[in-house]
Amino acid sequence: MSELAQERRLVTSIPGPKSQALLARKAAAVADGVGVTLPVFVTRAGGGVVEDVDGNSLIDFGSGIAVTSVGNSAAAVVRRASAQLADFTHTCFMVTPYESYVEVAEALAELTPGDHAKKSALFNSGAEAVENAVKIARSYTRRTAVVVFDHGYHGRTNLTMALTAKNMPYKEGFGPFAPEVYRVPLAYPYRWLTGAENCAQEAAAQAIDQINKQVGAHNVAAIVIEPIAGEGGFIEPAKGFLPAIAQFAKDNGIVFVADEIQTGFCRTGQWFACEDEGVVPDLITTAKGIAGGLPLAAVTGRAEIMDAAHAGGLGGTYGGNPVACAAALGAIETMKELDLPAKARRIGEIMLGRLRAIQEKYEIVGDVRGRGAMIAVELVEPGTKTPNAAAAGALAKACHAEGLVVLTAGTYGNVLRFLPPLVIGEDLLNEGLDIIEGAFAGL
């Protein structure tokens, strides 16, 4: 990272000729179902920039979808992972174990909310973590039903597609889906029909009523929720909603699972987003930001729940790979040394201030929301709350052309979401916001 100039630099159009040639190779060799947001082929990345094969340097407001929070080449991640690569790449923890897996589990017990005894199991991806959290909850409760929420996203495996709310592109044509999954309302303040001030209480009451009437609380093994809905559009539930749902779960012997795959590891200005309202989940799923870009995921939770599954019931060939574990220890070291929760809060202050100024100028901006370095703009038809997906697409395209990596999201496809690396410099952050302002002005 130290050798990579922290600057935006455009030497060709975006994408440049070398990226376009590689895109043609991708079309011939890679399945069409694997989409690409911005077809610039990256050669180096770090800090707040990505550099492509044409020599362009782009400002990164995506972090590989909240993965590279410590940067794409953090020194501690590179050092630890490189050392592990030289020692051994794999043994399979279930065959002959190694210390780094245990160290990651110990770190998770220390960092995740709650002072109860905790244990972890490590996997490869967020979807795997969520799926295993459901397995663990079912084993512990001897129940089968799983409750999830509108606008939620939990993965692309068969079970996690069933848990995910949005059909296109995640579920379309891939059914039938796993049974015993029930969806209830989420407290979405901007779109709550009786107003944001009523959202938490009414949404919680509706959700609990639906569970009791349609499922029966005594049949529910787990309630799975993102403390801030990610792919659904960075929806922060109205204050009071999460504690109410967590209390309902506790009162009815239901395992409360916080899906912190996108929100975890300092992203929202705290180590974990559920800390904002003092919610202590029974199980917490993590991935994305855990290992500085290497594939790793975890389920962490109350020891008695985690121990419910029989020996051999949890695992996987690559789960807790030693190189990924080493990277995770390097990422956590970086988060602590640089106080990345504080960095995330500072990013949020800057972004929210500037984006709310844009909101005042443009009727197309319906809502600006988020916490820490997880910020979004919801776009609507002027004078209404009708989702405006076309505007989100046009703005993203304009930002890309100017060398800024941004992502879209939302159940209605009308949200611009921003996930800058937590190590980004404030000069780059503000330059990226200048580009966003210019994109709005050009609409």
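What comes next concerns the included structure.

Reading the values: the criteria
Residues numbered from 1 in each chain as written. Predicted model: local features only at pLDDT ≥ 70, side-chain atom pairs only at ≥ 80, totals over all residues. Heavy atoms only, no water. Pairing = 2+ DSSP bridges. Helix = DSSP H or I, 4+ residues; strand = E, 2+ residues; numbered from the N terminus. Axes fitted to C-alpha atoms, helices over the stretch in contact; angles between N-to-C directions. Contact = heavy atoms within 4.5 Å. Parallel < 35°, antiparallel > 145°, perpendicular 65-115°, else oblique. Left-handed = near helix turned anticlockwise from the far one by under 90°. Nonpolar A, V, L, I, M, F, W, Y, C, P; charged D, E, K, R; others polar. Salt bridge = Lys/Arg side-chain N within 4 Å of Asp/Glu carboxyl O. Buried < 20%, exposed > 50% of the residue type's maximum accessible area, 1.4 Å probe, protein only. Core = buried A, V, L, I, M, F, W, Y, C linked by side-chain atoms within 4.5 Å. Lys, Arg positive; Asp, Glu negative; His and termini not counted. Expected span 1.5 Å × (residues − 1). Phe/Tyr/Trp six-rings, centres within 6.5 Å; stacked < 30°, edge-to-face > 60°.

## Some points on the sheet that holds strand β5 (residues 145-149)
The strand order across the open sheet built from seven strands is β4-β10-β9-β8-β7-β5-β6, with neighbouring strands paired in mixed fashion. The open sheet has two edge strands, β4 (118-123) and β6 (181-184), and neither has a second partner. Across the sheet, the mean angle from the axis of one strand to that of its neighbour is 20°, orientation sign disregarded. Those strands touched by helix α8 (residues 241-251) are β5, β7 (220-225) and β8 (255-259), and its axis lies near 165° from that of β7.

## Details of the packing of helix α11 (residues 340-361) against helix α13 (residues 426-441)
Close contact between α11 and α13 brings their axes to 11 Å; oriented N to C, the two are set at 20°. When the axes of α11 and α13 are compared, the pair comes out roughly parallel. Regarding α11 and α13, the two cross each other, and that crossing is right-handed. For the pair α11 and α13, the contacting residues are R346, I347, I350, M351, R354, L355 and I358 in the first and E426, L429, N430, L433, D434, I436, E437 and F440 in the second. Looking at the contact of α11 with α13 residue by residue, the class counts come to nine nonpolar, one polar and five charged.

## Points about the pattern of salt bridges
One pass over the structure, following the stated rule, counts 23 salt bridges. With a closest N to O distance of 2.7 Å, R191 and E378 form a salt bridge. One end of the pair, R191, is in the loop between β6 and α7 (196-215); the other, E378, is in strand β12 (residues 374-379), with 187 residues separating them in the sequence. You can call R191 partly exposed: its relative accessible area is 21%. Linking D209 and K213 is a salt bridge whose minimum nitrogen-to-oxygen distance equals 3.1 Å.

## Here we look at the nonpolar core
In this structure, F61, I223, F241, L355, L379, F418 and I436 are the most contacted members of the largest nonpolar core, which totals 124 residues. Examining the composition of this core, we find that nine residues originate from one element, helix α10 (residues 322-337), more than from any other. In terms of nonpolar packing, the next biggest core, distinct from the first, is built from eight residues, A66, F234, A376 and L419 among them.

## Observations concerning the side chain of E260
With respect to the helices, strands and loops of the structure, E260 is situated in the loop between β8 and β9 (283-286). The charged side chain of E260 is buried without a salt bridge, its nearest counter-charge being R371 at 7.0 Å. Contacts of E260, omitting those with residues within four sequence positions, involve P227, F272, A273, C274, I284, T285 and T286.

## Structural notes on helix α12 (residues 389-401)
For α12, built from 13 residues, the straight-helix expectation of 18 Å at 1.5 Å per residue is met to within 8% by its first-to-last C-alpha distance of 19 Å. Looking at α12, one finds that the buried residues are A391, A392, L395, A396, C399 and H400. Buried-residue contacts for α12 involve β12, β13 (404-405), β14 (407-409), β15 (415-418) and α13.

## Some thoughts on the sheet that holds β13
The strand order β1-β2-β3-β13 describes an open sheet built from four strands, whose pairing is mixed. Looking along the sheet, the strands with just one partner apiece sit at the ends: β1 (42-46) and β13. The sheet contact formed by strand β3 (residues 57-60) and β13 spans two bridges and is parallel. The partner of I59 across the bridge, within β13, is L404.

## Quick look at the packing of α7 against α8
With their axes 9 Å apart at the nearest point, α7 and α8 run at an angle of 25° to one another. The angle between the axes of α7 and α8 places the two elements in the roughly parallel class. The handedness of the crossing between α7 and α8 is right-handed. Of α8, the residues touching α7 (which contributes A200, A203, A204, A207, I208, I211 and N212) are F241, A244, I245 and F248. Here the residues of the contact of α7 with α8 sort into 10 nonpolar, one polar and no charged.

## Examining the pairing of β1
The pairing of β1 with strand β2 (residues 49-52) spans four bridges and is classified as antiparallel. Counted as the bridge partner of R44 is E51 from β2. Hairpin remark: β1 followed by β2, antiparallel, with two residues in the connecting loop; positive phi at G47, about 65°.

## A short note on the pairing of β7
Counting buried positions over the six residues of β7 gives six, a clear majority of the element. Sheet topology note: the β5/β7 ladder contains three bridges and is parallel. Its bridge partner being in β7, V146 is matched across the sheet by A222.

## Describing the environment of M335
With respect to the helices, strands and loops of the structure, M335 is situated in helix α10. Owing to a relative accessible area of 1%, M335 belongs among the buried residues under this scheme. Taking the C-alpha atoms as reference points, M335 and G64, 271 residues apart in sequence, are found 17 Å from one another. Discounting chain neighbours no more than four positions away, the residues touching M335 are V70, F265, C266, W271, G289, L340 and P341.

## Points about the packing of aromatic side chains
Here the structure, examined in full by the defined rule, presents eight aromatic pairs. On the numbers, 3.7 Å between centres and 10° between planes, the contact of F93 with Y101 is stacked. A residue is classified by how much of its surface remains accessible, and F93, at 23% relative accessible area, is partly exposed. On the basis of relative accessibility, which here comes to 11%, the residue Y101 falls in the buried class.

## Regarding the side chain of T285
Positionally, T285 belongs in strand β9. In contact with T285, not counting residues within four places along its chain, are A129, V130, A133, V257, A258, D259, E260, I261, A298 and V299.

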